Amino acid sequence: MKHLCVAAVICASVPAAAIAQDRPLGTLREQAEIQQEWLRLRLEHVLPRLMREHDVDLWIIPMREYNEDPVFTSLVAPTTMAARRRTIYAFCDRGEDGFDRIAIGGNSQGGLYRVVRDPEAATGAAAGRERQAEPFGPDQWKLLPPVVEECDPDVIAVNISYTHNFADGLSAGEWEQMQDALPEKYRDRIMRRPQLAIDYISERLPEMLPVYVEMMKIAHRIISTAFSSEVITPGMTRTQDVVWWMRQRLNDLGLGTWFHTSVEVQRQGVAMGDSANPVILHGDVLHCDFGVTALGLNTDTQHMGYVLMPGESDAPDGLKSALALGNQLQDIVMEELETGRSGNQVLVEALSRMRSADINGTVYSHPVGEHGHGAGPLVGLWDRQEGVPGRGDLPVRPNTWYSIELQATTAVPEWADQEVRMALEEDAYLDANGTRHWVLGRQEQLHLVR
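Residues numbered from 1 in each chain as written. Predicted model: local features only at pLDDT ≥ 70, side-chain atom pairs only at ≥ 80, totals over all residues. Heavy atoms only, no water.

Student: Explain the overall build of the protein chain to me, and be specific about the residues and the numbers.
Tutor: Per the secondary structure count, the protein chain includes 10 helices and 19 strands. A compact globule built from 450 residues would reach a C-alpha radius of gyration of about 22 Å, and the protein chain, at 25 Å, matches this within 12%. When its C-alpha atoms are laid out on the principal axes, the protein chain stretches across 80 × 50 × 40 Å. Put simply, the protein chain has 450 residues, and 56% of those count as buried. Of all intrachain contacts in the protein chain linking residues separated by at least 6 positions in sequence, the fraction that spans at least 24 positions is 67%. A total accessible area of about 19,600 Å² is found for the protein chain, and carbon and sulfur atoms account for 48% of it. Averaging the positions of the 41 positive and the 64 negative side-chain charges in the protein chain gives two centres separated by 5 Å. (Helix = DSSP H or I, 4+ residues; strand = E, 2+ residues; numbered from the N terminus. Rg over C-alpha atoms; globule rule 2.2 N^0.38 Å. Buried < 20%, exposed > 50% of the residue type's maximum accessible area, 1.4 Å probe, protein only. Contact = heavy atoms within 4.5 Å. Areas by Shrake-Rupley, 256 points an atom, 1.4 Å probe, with all protein chains shown as cover. Lys, Arg positive; Asp, Glu negative; His and termini not counted. Charge placed at Lys NZ, Arg CZ, Asp CG, Glu CD.)

See below:
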């Protein structure tokens, strides 16, 4: 019997049959139960705190089917795939009278929302009536004003942002109709609070971590097998053969990914930049970029491998030293990832220490979790090592996860001082106290194809 404890009030026991090789994270039903509990905890504990932190009395999030706000998946049950025609979510802070979650349209998401519907639609009295704003169902905009008046907010937040994609989900059509629907006295109370959506999406529950650790174990196992003689036969196997083996393995486990896997080669004395699908040879350095998606979470991992030459039992010392420099740069970034600092500040300090250590590298780390490239502060981009205005100015917060993504380029003596790029990526988390941890450790030895 194996247990994945996923909430303070429950410990989801996954039967041995459910964690068999073909279902390492349990059945879909078991996964949905875990996700539903995460949703309850986020709506009951995280969201009210963040609304008060950002001085928001009412948060209105309207959306239409297949044009959902980026925050949508953070607000709904795992069995809700789309907004269903139009759904308007409203979150009202009533102070001492509590916190109200309202769904105008849609459903209660397992009893977590109070649903407001058009009574005429329920009796059929609205059948056949021409509705200009909502031709496929009740005009839900007329149901919004009573909700707003009952809440009587001083500050109404909407998701509009020129800078942050996760806080810019209010479409132009919905925005125009929302302004028309609201009583005039409330229109000047509408404010843009992009940090609210960003912080809500980015904050991870501690209860999510055990599942994420299991996902990382799966990612590491698949990479380890892919970069071995079980999958690679030097002189025969191409990089795309490895890519599709990894993708198929995920699919066979009932898991998904958020980007197409990549496998690349560096070769002594050969420029491989234009090689789209080379045959893997003895002596090649391998690199992969790989992600696992499950239970609404995403991993992001880059590892390095080496194909042993005949007679070799280990990689050349120069390659091992190159990997060690990449590990040193990982340590630097982790140490600089302090709560309260902006992503740009972390980048500046990390790059300064990198140069002092005589490491030739770049840093392009990012939040991860609910999205592969998640909400929160960017710590550089591969082509923006001077910092990222706006997206890099966000502060690092506790209870958030990051992909420590970077590269270190080193001259390798055994390759006639040819430069070899060690591109590494491992997921890490900051706990409630802001202490930094690797989710599952990091690669410190090259994967070897024997």
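Student: How would you summarise the packing of aromatic side chains if you had to cite specific residues and measurements?
Tutor: Counted according to the given criterion, the structure contains 6 aromatic pairs. Taken together through their ring pairs, the aromatic side chains of Trp59, Tyr89, Phe91, Tyr113 and Tyr200 make up a single cluster. Against the face of tyrosine 200 rests arginine 42, its NZ or CZ located 4.9 Å from the ring centre. Looking at arginine 204, its charged tip hangs above the ring of tryptophan 401, at a distance of 5.6 Å from the centre. (Phe/Tyr/Trp six-rings, centres within 6.5 Å; stacked < 30°, edge-to-face > 60°. Lys NZ or Arg CZ within 6 Å of the ring centre and 35° of its normal.)

Student: Which residues make up the state of the cysteines, and what values do they have?
Tutor: Applying the stated criterion to the full structure yields 1 disulfide. Across the disulfide, cysteine 92 is cross-linked to cysteine 151 (sulfur-sulfur distance 2.1 Å). When the S-S torsion is 95°, as for the bridge of cysteine 92 with cysteine 151, the disulfide is right-handed. One end of the pair, cysteine 92, is in strand 4 (residues 86-93); the other, cysteine 151, is in helix 3 (residues 144-151), and 59 residues separate them in sequence. Accessibility expressed as a relative area gives 1% for cysteine 92, which makes it buried. For cysteine 151, a relative accessible area of 12% gives the class buried. (Disulfide = S-S within 2.5 Å.)

Student: Quick rundown of the packing of helix 7 (residues 209-226) against helix 8 (residues 239-252)? Include the residues and the values.
Tutor: Their axes nearest at 10 Å, the elements helix 7 and helix 8 cross at an angle of 145°. For the crossing formed where helix 7 meets helix 8, the hand is right-handed. Here Ile222, Ile223, Thr225 and Ala226 of helix 7 lie close against helix 8, whose contacting residues are Val242, Trp245, Met246, Arg249 and Leu250. Class assignment of the residues belonging to the contact of helix 7 with helix 8 gives a composition of 7 nonpolar, 1 polar and 1 charged. (Axes fitted to C-alpha atoms, helices over the stretch in contact; angles between N-to-C directions. Left-handed = near helix turned anticlockwise from the far one by under 90°. Nonpolar A, V, L, I, M, F, W, Y, C, P; charged D, E, K, R; others polar.)

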